[in-house]
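Architecture and fold: a report
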Amino acid sequence: MLSIFRYFFTDLGIDLGTANTIIFAEDRGFVLNQPSVIALDQSNRLVACGTDAKNMMGKTGNSIQVIRPLADGVIANFVAGEEMVKAFIRNASVSRFKIGKVVIGVPTGITEVEKQAVIESAEIAGAREVHLIAEPMAAAIGSNINVLDNKAHMVVDIGGGTTDIAVINLGGIVVDNTIRIAGDEMNEAVMRHLKQHYHLVIGEATSEKIKIRYGTVSKQYNGKSVDIRGMDLVSGLPRRLALPNSFLIDALQGIVDTIVHSIVSIFEKLPLNLVDDIVDSGIILTGGGALLKGLDELISEKTRLKVHVSSNAFYSVAEGTRRVLENFNHLRIVLMNDKRH
Ligand SMILES: Nc1ncnc2c1ncn2[C@@H]1O[C@H](COP(=O)(O)OP(=O)(O)OP(=O)(O)O)[C@@H](O)[C@H]1O
Ligand SMILES: [Mg+2]
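Criteria and cut-off values
Residues numbered from 1 in each chain as written. Chains lettered and ligands numbered in written order. Predicted model: local features only at pLDDT ≥ 70, side-chain atom pairs only at ≥ 80, totals over all residues. Helix = DSSP H or I, 4+ residues; strand = E, 2+ residues; numbered from the N terminus. Buried ≥ 20, exposed ≤ 12 C-beta atoms within 10 Å, placed from the backbone. Pairing = 2+ DSSP bridges. Axes fitted to C-alpha atoms, helices over the stretch in contact; angles between N-to-C directions. Contact = placed C-beta atoms within 7 Å. Near = placed C-beta within 6 Å. Nonpolar A, V, L, I, M, F, W, Y, C, P; charged D, E, K, R; others polar. Domains from an automatic or database assignment. Expected span 1.5 Å × (residues − 1). Parallel < 35°, antiparallel > 145°, perpendicular 65-115°, else oblique. Left-handed = near helix turned anticlockwise from the far one by under 90°. Core = buried A, V, L, I, M, F, W, Y, C linked by C-beta atoms within 7 Å.

What to know about the overall build of the chain
Helices and strands together make up the secondary structure of the chain, namely twelve helices and 16 strands. Across the 341 residues that make up the chain, the buried fraction comes to 44%.

Quick look at the structure:
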């Protein structure tokens, strides 16, 4: 953009995640990191967005709906999705600036209709130019991978709603697989386990806190005692329970097996000459779910490949959008709606 315009226009990079939305502004760095949650009244007017909306979850009457519009990696609720994108872009903008380019990370499995909805909401929020990038591509760029070279890299992005597995080579995604099993399902697995084995009912927010604080899939991290408060299914009264954190290994086993299975099944679709590259470079784990203790070692053990957790697992998609904006002409080939092969 010409320098005279730079004063008036700011470019934004957005990771529109199912659990969290992160926005980078060209002139101010990372400006927003909020849960992807919106609260609307009965006329679909905005009541709250982000953390404020998440704090209302499960606590509102009929007049206010608290929605996670992207919960399963798709835009389940278009009105809420558009309102949320608009509200976040407004919150991230400074009034004296207009919005120039916006690069938005979206799931690989996004449909044309969903793409249009995302593009339109950013346009309504004032963006002059909207570009979409597949989340694993952005995550790879944000994890310092040279996505344009002729060497395949495998990225596994474990977010809230989806796990995206992609093999990237020469600026494109060669094969990918998206499963709707990720952090949210881990929360549900912990809730199910406590209910089935201990007749204890806890809410999703509590379950997520326990998972983040004590979660592990390796005996190496055993030893901590977890104090859990919930409702006793039998008595119907509040109850406290102390369990060794190893209960989380059992609770999360099925989810982790599914993720490992999807990684393994990618190799069936992969051209043989790219397999060597992956053996050489290993697997990059990213997304909040990649922070689960012991997950990298477990995946490495099961696949016999090197596994690294991205140094900025939470921010890698947003960081990728930032780097695309900063090297736009060089990297625009990787964008979804801007193929120049
Ligand atoms: N230390 C941790 N251990 C395990 N899980 C974690 C940890 N920290 C965060 N998470 C989980 O990471 C998930 C959110 O990750 P992230 O922000 O990458 O998702 P997202 O980008 O919004 O979702 P998606 O990529 O599916 O669209 C949540 O389920 C959260 O509970
Ligand atoms: Mg993500």
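Text resumes after the structure shown.
Thoughts on the sheet that holds strand 14 (residues 238-244)
With respect to topology, three strands assemble into an open sheet ordered 12-13-14, the strand pairing being antiparallel. Each edge of the sheet is formed by a strand with only one pairing partner; in this case those strands are strand 12 (200-201) and strand 14. Relative to strand 13 (residues 225-232), strand 12 is paired through two bridges, and the arrangement is antiparallel. Bridge pairing in strand 13 places Val201 opposite Met231.

Here we look at the sheet that holds strand 6 (residues 64-67)
To summarise the sheet geometry, strands pair through backbone hydrogen bonds and adopt either a parallel or an antiparallel arrangement. Taken together, the three strands give an open sheet; going across it, the order is 5-4-6, and neighbouring strands pair in antiparallel fashion. Single-partner strands in this sheet number two, and they are strand 5 (46-49) and strand 6. The average undirected angle you get between the axes of adjacent strands in this sheet is 20 degrees. Strands in contact with helix 3 (residues 78-92) are strand 4 (38-41), strand 5 and strand 6; relative to strand 4, the strand with the most contacts, it is inclined by about 115 degrees.

Regarding the site of ligand 1
Surveying the vicinity of ligand 1 reveals 25 residues, the closest of which are Gly17, Ala19, Gly159, Gly183 and Gly288. Elements with a contribution of two residues or more to the shell around ligand 1: helix 6 (183-198) and helix 7 (204-214). Ranked by residue count, the leading element in the shell around ligand 1 is helix 7, at three residues. Residue composition of the shell around ligand 1, by class: six nonpolar, 14 polar and five charged. Mapping the shell around ligand 1 onto the domain boundaries places at least three of its residues in each of domain 1 (3-138 + 316-334) and domain 2 (147-310).

Let's talk about helix 3
Residue pairs spaced three or four apart in an α-helix point in one direction, given the helix's 3.6 residues per turn. The terminal C-alpha atoms of helix 3 lie 21 Å apart, and with 15 residues this matches the ideal 21 Å at 1.5 Å per residue to within 8%. Within helix 3, eleven of the 15 residues are buried, which leaves it mostly tucked inside the rest of the structure. The complete set of buried residues in helix 3 reads Ala80, Gly81, Glu82, Glu83, Met84, Val85, Lys86, Ala87, Phe88, Ile89 and Ala92.

What about the packing of helix 3 against helix 4 (residues 112-124)?
The relative placement of two packed helices comes down to the angle between their axes together with the axis-to-axis distance. Between helix 3 and helix 4, the shortest axis-to-axis distance is 8 Å and the interhelical angle comes to 40 degrees. By the angle between their directions, the pair helix 3 and helix 4 is classed as oblique. In this structure, the crossing between helix 3 and helix 4 has a hand that is right-handed. Across the interface between the two elements, Phe78, Gly81, Glu82, Val85, Lys86 and Ile89 from helix 3 touch Ala117, Val118, Glu120, Ser121, Ala122 and Ile124 from helix 4.

Concerning the domain arrangement of the chain
Segmentation of the chain into domains returns domain 1 (3-138 + 316-334) and domain 2 (147-310). Taken together, the contact pairs 18 residues of domain 1 with 20 residues of domain 2. Sort the elements by how many residues they give to the side of domain 1 that touches domain 2 and helix 5 (residues 135-142) lands first, with three residues. Classifying every residue of the side of domain 1 that touches domain 2 by side-chain character gives nine nonpolar, seven polar and two charged.

Section: the pairing of strand 13
Across a regular strand the side chains alternate sides, sitting on one face of the sheet and then on the other. As paired strands, strand 13 and strand 14 are joined by seven bridges and run antiparallel to one another. When the bridges of strand 14 are listed, Gly230 appears paired with Arg239. Linkage of strand 13 to strand 14, two consecutive antiparallel strands, is achieved through a turn of five residues, within which Gly236 is found at a positive phi near 75 degrees.

What about the nonpolar core?
Judged by nonpolar contacts, the single largest core of 91 residues is most densely connected at Leu12, Ile38, Val102, Ile104, Ala122, Met137 and Ala140. Here Ile104 is in contact with Ile14, Leu16, Val118, Ala122, Val130 and Leu132, once residues within four sequence places are set aside.

A word on the environment of Glu188
Relative to the helices and strands, Glu188 resides in helix 6. Exposure remark for Glu188: the 15 C-beta atoms within 10 Å place this residue in the partly exposed category. Taking C-alpha positions, Glu188 is 29 Å from Phe267, a pair spaced 79 residues apart along the chain.

What about the packing of helix 6 against helix 8 (residues 247-269)?
Following both chains from N to C, one finds helix 6 and helix 8 inclined at 125 degrees, their axes separated by 9 Å at the closest point. Between helix 6 and helix 8, the angle is such that the two are oblique. In the crossing of helix 6 with helix 8, the sense of the turn from one axis to the other is right-handed. Residue-level contacts link Glu185, Met186, Ala189, Val190 and His193 of helix 6 to Phe247, Leu248, Asp250, Ala251, Leu252, Gly254 and Ile255 of helix 8.

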